Amino acid sequence: MVNGALKARFSAYSAQPALPKLLHVRYPVWTVMLGMVFTEFVELVEERFSPALADAVLQDVAPPHGGAYTAVGYYPHEEMLALVGALSARTGVAAPELVKVFGHHLLKRFTQGHGEMFARSANLFDFVASIDGHIHVEVHKLYDQATLPRFKVLSRTPTTMTLLYQSSRNMEMLAQGLLEGAAQHYGEECRITQAPCSGAQGDGVLFTLDKTL
Ligand code: HEM
């Protein structure tokens, strides 16, 4: 839940006009992320740590809009990295671990807000195979300026799957958390590992999903 101070900033900001216009004026598209990612990050910090820490982190980063994120706005990707860095500095938890935890949090939110996307798949592998061609396509229809990563299924058997993640944002730890969260959602035990990858199949991060444990 957002605290009072943040709520006030949220509503003050949502009264301002034309965020997409701001986007064109201030940032090239590939540098921005959808505001929902920021509002969820602030909520995570409030829930997992405290509203006071969320405020402190926002003050550390001192974004030009005062931390008044709106879910449908767009903000620089660097600002997300700065928020994670500030949280890491204040909590002593390594930044990649925090990003992974954020992935778990986001996945839960997605299951709450977009349950139909999960209901369409009977199991984890079907769901994961549908991220690129279906899930993120739907997301793009909802938020046409969202910049989404590529997830290519390279191999699949009943027990293992390999997946190539490609993104200029290098948010593989977010992907790790999202994938782990999805495994939990489908109630499947699955070891998820990642390794940098380059070569014929493309440059990126190779995820291996292994249910043989
Ligand atoms: C396990 C499933 C999923 C994985 C692994 C995944 C992965 C990711 C990653 C890693 C990003 C960060 C951007 C980047 O890497 O370039 C991202 C962005 C995003 N994803 Fe997904 N995603 C999943 C499912 C979903 C679902 C179910 C939704 C919505 C219902 C969704 C909506 C979004 C949105 C809105 C963004 C932000 C786009 C932007 O900042 O412009 N994702 N996804």
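Residues numbered from 1 in each chain as written. Predicted model: local features only at pLDDT ≥ 70, side-chain atom pairs only at ≥ 80, totals over all residues.

### Quick notes on the pairing of strand 4 (residues 160-166)
Definition in use: For the exposure call, what matters is how many other C-beta atoms sit within 10 Å of a residue's own: 20 or more marks it buried, 12 or fewer exposed, and in between partly exposed, using C-beta atoms placed from the backbone. Elements are defined by DSSP. Helices are runs of H or I of four residues or more, strands are runs of E of two residues or more, and each kind is numbered from the N terminus. The pairing criterion for strands is at least two bridges between them, as found by DSSP.
The two faces of strand 4 differ: M161, L163 and Y165 on one face are buried, but T160, T162, L164 and Q166 on the other face are not. Alignment of strand 3 (residues 150-156) against strand 4, held across six bridges, turns out to be antiparallel. For V153, the partnering residue across the bridge sits in strand 4 and is L163. Linking strand 3 to strand 4, which pair antiparallel, is a turn of three residues. Looking at chain direction, strand 4 and strand 6 (residues 204-210) are connected through six bridges and run antiparallel. Bridge pairing links L164 to L206 in strand 6.

### Things to note about the site of the ligand
Cut-off, in case you're wondering: Near residues are defined by distance alone, with the backbone-placed C-beta atom required to lie within 6 Å of the molecule or strand. Residue classes follow a fixed rule: Ala, Val, Leu, Ile, Met, Phe, Trp, Tyr, Cys and Pro count as nonpolar, while Asp, Glu, Lys and Arg count as charged, and any other residue, Gly among them, counts as polar.
In the region of the ligand, 24 residues are neighbours, and M33, H114, A146, P149 and S167 sit closest. Mapped by element, the contributors of at least two residues to the shell around the ligand are strand 1 (32-34), helix 3 (35-48), helix 9 (131-142) and helix 10 (172-185). Here the shell around the ligand takes five residues from helix 10, the largest share from any one element. In terms of residue class, the shell around the ligand is built from 19 nonpolar, four polar and one charged.

### Some details on the sheet that holds strand 4
Rules: Only C-alpha atoms enter the line fits that serve as axes; for helices the fit covers just the stretch in contact. Angles between N-to-C directions range over 0 to 180 degrees. In this description, any two residues whose backbone-derived C-beta atoms lie within 7 Å of each other are considered to be in contact.
One open sheet holds the four strands; their spatial order is 3-4-6-5, and the pairing between them is antiparallel. Each end of this open sheet is capped by a strand with a single partner; those strands are strand 3 and strand 5 (191-197). Strand-to-strand, the axes of this sheet are offset by a mean angle of 25°, without reference to chain direction. Along the sheet, helix 10 makes contact with strand 4, strand 5 and strand 6, crossing strand 5 at roughly 155°.

### Regarding helix 5 (residues 77-91)
The test is simple: In this analysis, the expected span of each helix is defined as 1.5 Å times one less than the number of residues it contains. It is the directions from the helix axis to the C-beta atoms whose arc is reported.
In a regular helix each residue adds 1.5 Å, so 15 residues correspond to 21 Å; helix 5 covers 21 Å between its end C-alpha atoms and thus fits that length. All of the buried residues along helix 5 are M80, L83, V84, A86 and L87. Along helix 5, the residues classed as buried sweep out an arc of 160° about the axis, all on the same side. Following helix 5 by one or two positions, G92 has its phi on the positive side, about 80°.

### Considerations on the nonpolar core
The test is simple: As used throughout, a nonpolar core is a set of buried Ala, Val, Leu, Ile, Met, Phe, Trp, Tyr and Cys residues joined through C-beta atoms within 7 Å of each other.
Ranked by internal contacts, the top residues of the largest apolar core, which has 48 residues, are F41, V128, L179, A182 and F207. Per-element tally for this core: the top contributor is helix 10, with seven residues. Beyond its immediate chain neighbours, meaning those up to four positions away, V128 contacts M161, L163, L179, A182 and L209.

### Concerning unusual backbone geometry
The backbone of A62 sits at a positive phi, close to 45°, despite the residue not being glycine. Along the chain, A62 turns up in the loop between helix 4 (51-61) and strand 2 (74-76). The exposure class of A62 is exposed, given the 10 C-beta atoms found within 10 Å. Positive phi, close to 50°, is recorded for N170, a residue that is not glycine. Position of N170 relative to the elements: it lies in the loop between strand 4 and helix 10.

### A closer look at the pairing of strand 6
Within strand 6, five of the seven residues are buried, leaving the element largely enclosed by the surrounding structure. As paired elements, strand 5 and strand 6 share seven bridges and run antiparallel to each other. For P196, the partnering residue across the bridge sits in strand 6 and is V205. With antiparallel pairing between neighbouring strands as the criterion, strand 5 and strand 6 make up a hairpin whose turn holds six residues, including G199 at a positive phi of roughly 130°.

### Remarks on the packing of helix 6 (residues 95-113) against helix 10
As a reminder, the rule being used: Roughly parallel covers angles under 35 degrees, roughly antiparallel covers those over 145, roughly perpendicular covers 65 to 115, and oblique covers all other angles. By convention, the crossing between two helices is left-handed when the near helix turns anticlockwise from the far helix through less than a right angle, and right-handed when the turn is clockwise.
Where helix 6 meets helix 10, the closest approach of the two axes is 7 Å, and the angle between their N-to-C directions is 45°. Considered as vectors, helix 6 and helix 10 are oriented oblique to each other. As helix 6 packs across helix 10, the resulting crossing turns out to be right-handed. For the pair helix 6 and helix 10, contact is made by P96, V99, K100, V101, F102, G103, H104, L106, L107, K108 and T111 and by M173, L174, A175, Q176, G177, L178, E180, G181, A182 and H185, respectively. Residues belonging to the contact of helix 6 with helix 10 are distributed by class as follows: eleven nonpolar, seven polar and three charged.

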